[in-house]
Amino acid sequence: MASFVPTDPETIEDQRRYTQARLVEVACQDCLAVVSVKKNSDHHTSIQWSERALGACAEFARMDHETSGRAVHTPCQRLSASIEKAVRDGQIPIGAEDGY
Amino acid sequence: MTDTRLLDAGTPPERFARGWYCLGLAREFTDGKPHKVDAFGEKLVVWSDTQGNLNVLDAYCRHMGGDLSQGTVKGDEIACPFHDWRWGGDGRCKQIPYARRVPLRARTQRYPALVHNGMLMIWHDVEGSEPDMEVLPPELPGIGTDEYTDWTWEVLDVPTAHCREIVDNVVDMAHFFYIHLAFPTNFRNVFEGHVATQFMESVGRPDVAGGYGDQDMMLKSEASYYGPSFMINWLEVDYKGFVTEVVLINCHVPTSQNSFKLQYGVCVKKPEGIDDATAEYIGKKYSDMFKGGFEQDVHIWLNKAPVQNPLLCEEDGPVYQLRRWYEQFYVDKADVVAEMTDRFEFEVDTTKANEYWRKEVEENLARKAAEDALAGAGSEHA
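Predicted model only: the values in this text are computed from it and were never measured. Chains are numbered independently. Their residues run from 1 in the order of the written sequence. All chains are assigned letters beginning at A, and all ligands numbers beginning at 1, according to the order in which they are written. Owing to the predicted nature of the model, reporting of local features is limited to residues with pLDDT of at least 70; listing and counting of side-chain atom pairs is limited to 80 or more, with chain, interface and lining totals taken over all residues. To obtain the side-chain values, all non-hydrogen atoms of the structure were used and water was disregarded.

A. Molecular detail of helix α4 (residues 319-326) of chain B. Per-residue accessibility, obtained with a 1.4 Å probe over protein chains only, is compared with the maximum for each type, and a residue is labelled buried under 20%, exposed over 50%, and partly exposed between these values. Think of it this way: any DSSP run of H or I at least four residues long counts as a helix, any run of E at least two long counts as a strand, and we number them from the N terminus. Across the eight residues of α4(B), eight count as buried, placing the element largely inside the fold. All of the buried residues in α4(B) are Val319(B), Tyr320(B), Gln321(B), Leu322(B), Arg323(B), Arg324(B), Trp325(B) and Tyr326(B).

Listed below in structure tokens is the structure:
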């Protein structure tokens, strides 16, 4: 049940386009985390995690146990390396489709 | 069938987002008088009791509707100006001076309140849940001590826009060039749980004044919304090698479905070797700089249309994902789904944008130089 309700059905399609289209699954090389990735260009990266992926991330689990806790903004370096490898291997197409 | 793009205005929610709201600096409410605060389409009354605790109730007396914010603080209670009914901070009527007994049902709407980082925070949830301490914004170490300047505090009224407009700024890379007159050179977002963060590095534009600094000012900014309305923005400002740590609070209170009050405050870590008065002056200067920025934002909101279906280009940030995150505060707690809170990271590619903007700014500077030269030549002949 949405709170901000679209009045045009095409808006639902836009929501899907911008949040789900062109996502490619990338498995971390170091743990069981699997995330969805999109790259509109070399410098752009979009990473969608799931609860399951977050639970599987060993690096984040380690940070969670530090006394200062895990800073939400800190990326997982192992996952970043896995994504870079997937890009090098040609698994992730680079380039946007009409802005998404 | 037309291929003209249509704006979907959407329908805004009837309710106000669940979460902690800041009503202002605590020091503003401790003078022993009742204070009126407009929030959530209601009028609230805030007062300080004999213990120094701040209490927040709906301002309308449940007897005959008198306005408690025009009443008097008597002991720990707020007394109605109409018939002197005395209300306690727990929302119960404690005494009716002319009555044998107080009706058992004399309970009014109270808002759980606490003072945090020197600010009055209240919990709002249409479902009436107990305040969630897990999602209270973090404590700011050092603030309130001699290490930092006192908070500056400003309020801007936004009478004709939904407060989602200001939240949208979290992902809006390009508006920093056009509205805040700076080059955003790095821009990244992370959303997880109830926190939405923006990282940005920027440098001021040399061709225009009045934005976030000039070409000698570099900002490193980390800004997080903790819940729907309260943002802490940590800034490292580098001005010609002189680095200042600034904390900016950007928070708002919705006053209706289509209006809100924007509030912001600045604290500066006192630089070494600088006296207090100068440090306060620096704090005021930054507050003025952000004031200009917020006023430019407000001008846009008051004139724009609401958009439920923004059309994005490759250089834009993740508006749809941010709004999906924001949605969690507008549905019943039981209806919050994983996609609203799941971790999401987004790095905006700023390379091309900055290339184009640099070129535009160079052209502006060249044109300005030519005009100045022309004006100079003209005045010599005069």
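From this point, the narrative continues.
B. Summary view of the domain arrangement of chain B. Residue and element names in this part refer to chain B. Delimitation of the domains relies on an automatic or database domain assignment. What the domain assignment reports for chain B is domain 1 (19-135) and domain 2 (154-359). Inter-centroid distance (C-alpha atoms) of domain 1 to domain 2 is 32 Å. Here the quantity called buried area is the total loss of accessible area, with a 1.4 Å probe, experienced by two parts when brought into contact, counted for both. With both chains or domains summed, domain 1 and domain 2 bury close to 1,200 Å², and 59% of this area falls on carbon and sulfur atoms. The largest per-residue losses of area from domain 1 upon contact with domain 2 belong to Tyr-21, Cys-22 and Glu-127, which jointly make up 35% of the total buried on that side. Any Lys or Arg side-chain nitrogen located within 4 Å of an Asp or Glu carboxyl oxygen qualifies as a salt bridge. Counting the contacts that link domain 1 with domain 2 gives one salt bridge. Close ionic contact of Lys-333 with Asp-132 constitutes a salt bridge, the shortest N to O distance being 3.9 Å. Of all elements in the fold, only β1 (19-25), β2 (35-39) and β10 (119-124) reach the threshold of two or more residues within the side of domain 1 that touches domain 2.

C. A look at the side chain of Ser259(B). All names here are of chain B. Tracing the backbone through its elements, the reader meets Ser-259 in strand β17 (residues 259-268). By relative accessible area, Ser-259 is classed as buried at 11%. In protein, a polar contact requires one atom able to donate a hydrogen and another able to accept it; more generally it is a pair of N or O atoms within 3.5 Å, and residues adjacent in sequence count only if both atoms are side-chain atoms. A distance of 2.7 Å separates polar atoms of two side chains, one belonging to Ser-259 and the other to Ser-256. Here, residues are in contact when the closest pair of their heavy atoms is within 4.5 Å. With sequence-adjacent residues up to four places away left out, Ser-259 is seen in contact with Val-158, Pro-159, Ala-161 and Pro-254.

D. Geometry of unusual backbone geometry. All names here are of chain B. Positioned with a positive phi, Asp-84 is a non-glycine residue whose angle comes to about 65°. The topology assignment puts Asp-84 in the loop between β6 (77-79) and β7 (86-87). The phi torsion at Asn-117 lies on the positive side, around 55°, for a residue other than glycine. Topologically, Asn-117 is positioned in the loop between β9 (113-116) and β10. The class of Asn-117 is buried, set by a relative accessible area of 13%.

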